[in-house]
Amino acid sequence: MNKIEIGALNFSYPMPTLLVGSKVGGRPNFITVAFCTAVQMKPPVLAISLSKKRYTNAGIKENGTFSVCVPSTDLLGAADYCGIYSGKEVDKSDVFEIFYGKLETAPMIKNCPICIECKLTNVIDILAEDEIFLGDVVETYTEEQYLTNGVPDLLKVKPFILSVRDKRYLSLGENIGTSWEEGKKFK
Ligand SMILES: Cc1cc2nc3c(=O)[nH]c(=O)nc-3n(C[C@H](O)[C@H](O)[C@H](O)COP(=O)(O)O)c2cc1C
């Protein structure tokens, strides 16, 4: 086994492709985000890492809310658009049909199969370039068509993932096992 060194890469593979919604100066705005992870199950907490240069940051701080929406492959073009153009230069409020939930200031996307509404709890400024926004999950919105046995079914949701170093978007593969089960047969 000859391992080769390819540098100090901090990317986990795969990375999600998500759309984070906020209201900036009263206008809905969406940013494409790959640096997003769940950091606690109960109560549910999400973390997103944004460059301080983003237009989005001020809106999240202003309202204390943000959304994390999961686009399907059919929204790939629109999702990439939101990751190329900043709200500083273009109005992204008309890219998607929007709805609001309990928090009333976190815009969400009607065409996204899963939308998660978050209340900002912390902004962690530990890095030179980026800041981490922690949000308590207040509600998750979906449709019956994306569920199997009452839980989101990723094969129906059809999210896409980012392979960041070669700039490729990839779709999901097939079901290859059951978590917390396969290991029981291992030994
Ligand atoms: C696939 C993809 C993933 C991205 N992930 C992030 C991210 O996790 N954090 C970040 O700050 N910017 C990320 N970006 C860059 C922003 O989406 C981009 O700079 C966007 O135009 C900023 O929008 P805003 O200025 O309206 O907030 C990503 C872009 C793409 C295309």
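Criteria and cut-off values
Residues numbered from 1 in each chain as written. Predicted model: local features only at pLDDT ≥ 70, side-chain atom pairs only at ≥ 80, totals over all residues. Heavy atoms only, no water. Pairing = 2+ DSSP bridges. Helix = DSSP H or I, 4+ residues; strand = E, 2+ residues; numbered from the N terminus. Phe/Tyr/Trp six-rings, centres within 6.5 Å; stacked < 30°, edge-to-face > 60°. Buried < 20%, exposed > 50% of the residue type's maximum accessible area, 1.4 Å probe, protein only.

Asker: It is not clear to me how the sheet that holds strand β14 (residues 168-171) should be interpreted in this structure. Could you clarify?
Answerer: Backbone hydrogen bonds are what pair the strands of a sheet, in a parallel or an antiparallel way. Spatial strand order, β1-β13-β14: three strands in an open sheet with antiparallel pairing. The open sheet has two edge strands, β1 (15-16) and β14, and neither has a second partner. The sheet contact formed by β1 and strand β13 (residues 160-163) spans two bridges and is antiparallel. Opposite Met15, over in β13, you have Leu162 as the bridge partner.

Asker: How should the packing of aromatic side chains be read in this particular structure?
Answerer: Aromatic ring pairs: the centre-centre distance and the angle between the two ring planes describe each pair. Going through the model one piece at a time under the given rule, you end up with four aromatic pairs. Summarising the aromatic geometry, the rings of Tyr81 and Tyr85 are spaced 4.9 Å apart at their centres and angled 45° between planes, so their arrangement reads as tilted. Judged by relative accessible area, Tyr81 falls into the partly exposed class, the value being 30%. For the ring pair Phe99 and Tyr141, a centre distance of 5.5 Å and an interplane angle of 80° mean the geometry is edge-to-face. Linking Phe99 in strand β7 (residues 98-99) with Tyr141 in strand β10 (residues 130-141), this pair joins segments that are 42 residues apart in sequence.

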